[in-house]
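Examination of the molecular architecture
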Amino acid sequence: MATTTTNAVSPTMGALRRTRTRFARRGLSTTPGSGGGLVLALLSAMAFGLSGPLGKPLMDAGWSPAAVTIGRVLFGALLLTPATLVLLRGKWGLVMQQKWPILAFGVLAVAGAQFCYFQAVTRIPAAVALLLEYMGVVLVVLIVWARTGRPPAPLTLAGMAVAVGGLVLVLDLESTGLDPLGVLWALAAAVGLATYFIAGSSVHKDVPGVAVAGLGMLVGGVTLLTAGALGLLSLSTSTAPSAIGSLAIPWWVGLALMGLLTAGVAYGTGTMATRRLGATVASFVGLTEVLFTALFGWLLLEQHLGPVQLLGGAVVLGGIVLVRLQEARELRAAVRRAEREAATTGATPARRGRNTQGAPEARESEPAPTA
């Protein structure tokens, strides 16, 4: 009897542990070191929040948006090269198998999103541009709906409606005089942000996140550099100093700060935070990037937002939070179902309905199937 009980319970507990591990990566449990993960996530958001305030002075000094983006992402890729080479030792065959999502990540999520964002901040405040870019999170929900055929839950739809309402407030064009072309560039960056989640979550889990970031920045930088060499993009540069507030700094200092802080540190700490906190919690903390951008825009560039835009920004963030809360609720429900199945039937819930031949795990942006 003892032998029979051990054989029955052992596979069950193994399946339960695998299920817990799988969903822990998606932000539904606290583990030792999660406090450090929170610090890393906040550091990443702070570093990303410096992108506009540090990039705009370079563009005001004569740098084109494409040149700023190329310098930033290639410098960041260079910083992550040692870690990327170490982490991918013996895994280059897997990288080749995953080349299409990695290429999409580099071309659209890194190059496309950043280029469009910097085009936007030449015409509208950096914080407004970032708020519009974050509408890409809502776009992810629509893409998943189209791909899976499963309509979003009511709370998700409510979050989307709130976010769109906030967008209307942010786009208070008559009272604030926002440049419509700048708005369009920011919305194009939202498409790149959506690609960041869709393509990034499509890469096999055995390819480390830091390596994906390093390869993506390399692909994105080379893509923009090639387009510039073909005359498709303006790659104008300048040796004139850039002005951050009342402080004039050499051009190479500004570019080095961009590459170090807003690429290397931002992507590197962001991927490490996701490993520790899970994607849901890390992405929620990542929303503070908007607040950091507004803070740095005020401190460094003296950009002030009107009260209606501030209200709109808060509403947009509220809508995104509702979408994330619904995702977390569905994942918790999936964990409870998996625990019940494991406890009563000895089934393997972590593999149920999945391809066991090395298929990627569930996408970050896709809700868990309902019972």
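The residue numbering used here restarts from 1 in each chain and proceeds along that chain's sequence as written. Only residues with pLDDT of 70 or above have their local features reported here, since the model is predicted, and side-chain atom pairs are shown and tallied only from 80 upward, although totals for entire chains, interfaces and linings are computed over all residues. For the side-chain quantities, the full set of heavy atoms in the structure was used; hydrogens and water were omitted.

Here we come to the packing of aromatic side chains. Only the six-membered ring of Trp is used, alongside the rings of Phe and Tyr, when aromatic pairs are assigned; centres must lie within 6.5 Å, and planes under 30 degrees apart are stacked while those over 60 apart are edge-to-face, with the rest tilted. By the definition in use, this model includes 3 aromatic pairs. Here Phe48 and Tyr267 contribute two aromatic rings whose centre-to-centre distance is 5.0 Å and whose plane-to-plane angle is 85 degrees, an arrangement assigned as edge-to-face. Remark: Tyr267 occurs in helix 13 (residues 251-277) and Phe48 occurs in helix 2 (residues 34-49); sequence separation between them is 219 residues. Of the two residues examined, Phe48 and Tyr267, each falls in the buried class. Pairing Phe115 with Trp185 gives two aromatic rings, centres 5.7 Å apart and planes at 85 degrees, and the pair type is edge-to-face. Taken as a pair, Phe115 in helix 6 (residues 99-121) and Trp185 in helix 11 (residues 180-202) lie far apart in primary sequence, 70 residues in all. Residue class for Phe115 comes out buried when judged on its relative accessible area of 13%. Between buried and exposed lies partly exposed: a residue is buried under 20% and exposed over 50% of the maximum accessible area for its type, with that area taken using a 1.4 Å probe on protein chains only. Classification of Trp185 as partly exposed rests on a relative accessible area of 25%. Here a helix means four or more residues in a row that DSSP labels H or I, a strand means two or more in a row labelled E, and each is numbered from the N terminus.

Our next topic: the confidence of the model for the chain. A score from 0 to 100, pLDDT tells how confident the predictor is in each residue. Overall, the predicted model of the chain reaches an average pLDDT of 75, with 78% of residues at or above 70. Looking over the chain, one finds the lowest element-wise mean pLDDT in helix 1 (residues 2-24), namely 43, and the highest in helix 5 (residues 92-97), namely 92. Of the regions scoring below 50 in pLDDT, residues 1-16 engages in 10 contacts with residues more than four places distant in sequence or in other chains. A contact between two residues is defined here by any heavy atoms of the two lying within 4.5 Å. Note on residues 19-33: pLDDT under 50 across the span, and 40 contacts to partners over four residues away in sequence or across chains.

Along the chain, Ser44 falls in helix 2. Leave out the neighbours within four places in its chain, and Ser44 touches Ala266, Thr269 and Gly270.

Proximity of charged atoms lets side chains of opposite charge pair with each other. Here, a salt bridge means any Lys or Arg side-chain nitrogen found within 4 Å of an Asp or Glu carboxyl oxygen. This model, assessed by the stated rule, comprises 2 salt bridges. Its salt-bridge partner being Lys56, residue Asp60 comes within 3.3 Å of it at the nearest N-O pair. Taken together, the residues span about one helical turn, with Asp60 and Lys56 both in helix 3 (residues 51-60) at a distance of 4 residues. Given the relative accessible area of 18%, Lys56 is considered buried. One salt bridge in this structure joins Arg123 and Asp179, with 3.0 Å as the shortest N-O distance. Taken together, the residues Arg123 in the loop between helix 6 and helix 7 (126-133) and Asp179 in the loop between helix 10 (173-176) and helix 11 connect sequence positions 56 residues apart. The class of Asp179 is partly exposed, set by a relative accessible area of 23%.

Moving on to the packing of helix 6 against helix 11. For helices, the fitted line uses only the C-alpha atoms of the stretch in contact; every axis is such a line through C-alpha atoms, and the angle between N-to-C directions lies from 0 to 180 degrees. Here helix 6 crosses helix 11 at 160 degrees, and the two axes come no closer than 7 Å. On the basis of their axis angle, the class for helix 6 and helix 11 is roughly antiparallel. For the element pair helix 6 and helix 11, the recorded crossing hand is left-handed. Of the residues in helix 11, those touching helix 6 at Pro101, Ala104, Phe105, Leu108, Ala109, Ala113, Phe115, Cys116, Tyr117, Gln119 and Ala120 are Gly182, Trp185, Ala186, Ala188, Ala189, Gly192, Leu193, Thr195, Tyr196, Ala199, Gly200 and Ser202. Roughly parallel means an angle under 35 degrees; roughly antiparallel means over 145; roughly perpendicular covers 65 to 115; every other angle is labelled oblique. By convention, the crossing between two helices is left-handed when the near helix turns anticlockwise from the far helix through less than a right angle, and right-handed when the turn is clockwise.

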